[in-house]
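# Commentary on secondary and tertiary structure
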Amino acid sequence: MATKGRLVPFLIPSLLLLLLLLPFLAFPAGAWGPGGSLPHAWLEPEMRGGGEVPLYPVYPVDPLGPTPDESPCAPLLVEFARRSAELALCSLRHARPLRLCGSCVIQQWSANRTYGMILTTVQVNNETCERTLLRSDRLQLVYQQHSFSQGLWDAASCEACLVNGTNGTREVASWMISFMQQLNKTRTCFHENSLVPRYDLEGNVKHSAVCNNCRTAYNTLGKMYAELQKNGSLCIDLEDAMNTTRQLWSVQFNCVEYCSDTPSVLAVSIFMCMLPIFFYMSSVIHSRQRKRRLVTSKRMKSTNSSASLHRAQAQ
């Protein structure tokens with residue numbers, strides 16, 4: 001018993017050491033990966049190398065239903081996935097400067113066309129692809145993807161800058177092309193007249209060349225924008241382009257046009273501000289005069305009544 005008691009402190013560390021050495025005893029040195037990684041036999045087939053990753057590595061094919069490759073709606077699903085990916089890529093690539101509507105109109109039309117085919121295609125068993133792909137689960141992934149893309153397109157008001165093209169397609173309107181051409185002309189003028197900096201007496205950069213030489217192009221662009229805004233033909237491309245151009249003109253180049261009617265506007269503003277004071281003073285003066293008249297009339301009436309009383313007593 002004493003011998004067993006002395007062996008207990010040595011038995012526990014021995015068991016722990018055995019557990020640590022068990023993987024090395026179970027697998028030879030060649031079975032381990034480079035750098036002491038997991039044994040090659042423990043890896044999944046697609047992680048071992050030398051083979052393609054299976055399409056469905058976890059979930060087996062349902063024996064009671066068609067496989068995804070055999071489904072009549074599978075080509076439409078793959079096509080919609082590809083068109084949606086192209087639209088997302090185009091949208092992000094043209095986020096700055098923002099040129100979503102003019103650059104991604106083809107991708108948007110293609111994605112909508114494929115989604116429309118999903119809604120109208122009927123399978124062999126008279127079941128629509130809409131029910132199979134859009135309403136077969138709670139998540140409705142295809143519908144959510146289309147709603148997100150369409151919501152982004154509607155928020156940008158892109159349809160205001162598009163017209164119907166050939167074969168039912170959508171294309172950029174002529175007024176949008178004209179506006180972008182004038183925008184390019186104005187921006188080119190900004191660039192060419194700001195290459196050689198000029199300084200004033202205080203050492204600040206002067207942009208008088210930009211203000212003088214590009215004023216006509218900038219005013220023309222502003223008139224075109226105002227006309228499109230009046231007609232409701234503005235999309236996010238035109239709005240962002242005009243906002244950035246105005247910022248360059250007023251902030252960076254400081255080409256601010258001051259109104260020539262400033263003195264008259266200032267005089268009218270001061271007069272309108274003084275009107276309440278004049279009204280208050282006139283009302284106070286009028287109320288005092290009216291009160292004075294009432295007091296005078298009361299005194300005269302009391303005097304006349306006293307005189308009449310004295311006459312009656314004398315008689």
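For the structure, see preceding data.
In this report, we go over the structure that sits alongside the text. Everything numeric in this text was worked out from a predicted model, so none of it was measured. (Residues numbered from 1 in each chain as written. Predicted model: local features only at pLDDT ≥ 70, side-chain atom pairs only at ≥ 80, totals over all residues. Heavy atoms only, no water.)

This part is about unusual backbone geometry. Cis geometry marks the peptide bond from Arg96 to Pro97, where omega comes out at -10 degrees. Considering the arrangement of structural elements, one finds Pro97 in the loop between helix H3 (74-93) and helix H4 (100-103). Positioned with a positive phi, Gln140 is a non-glycine residue whose angle comes to about 50 degrees. Position of Gln140 relative to the elements: it lies in the loop between helix H6 (129-133) and helix H7 (141-155). (Helix = DSSP H or I, 4+ residues; strand = E, 2+ residues; numbered from the N terminus.)

Its 17 residues give helix H10 (residues 215-231) an end-to-end C-alpha distance of 25 Å, which sits within 8% of 24 Å, the value for a rise of 1.5 Å per residue. Restricting attention to buried positions, one finds in H10 the residues Ala217, Tyr218, Leu221, Tyr225 and Leu228. One side of H10 holds all its buried residues, which, seen down the axis, span an arc of 95 degrees. For H10, the exposed residues set more than 90 degrees away from the buried face come down to Thr216, Lys223, Lys230 and Asn231. Contacts made by the buried residues of H10 are with helix H8 (174-193) and helix H11 (236-252). (Expected span 1.5 Å × (residues − 1). Buried < 20%, exposed > 50% of the residue type's maximum accessible area, 1.4 Å probe, protein only. Arc of directions from axis to C-beta. Contact = heavy atoms within 4.5 Å.)

It is worth spelling out the nonpolar core at this point. The nonpolar side chains of soluble globular proteins are, as a tendency, buried together. Ranked by size, the top nonpolar core spans 24 residues in total, and within it Leu100, Cys104, Trp153, Cys158, Phe179, Cys235 and Leu238 carry the most contacts. Filtering out sequence-adjacent residues up to four positions away, Phe179 remains in contact with Leu221, Met224, Tyr225, Leu228, Leu238, Ala241 and Met242. (Core = buried A, V, L, I, M, F, W, Y, C linked by side-chain atoms within 4.5 Å.)

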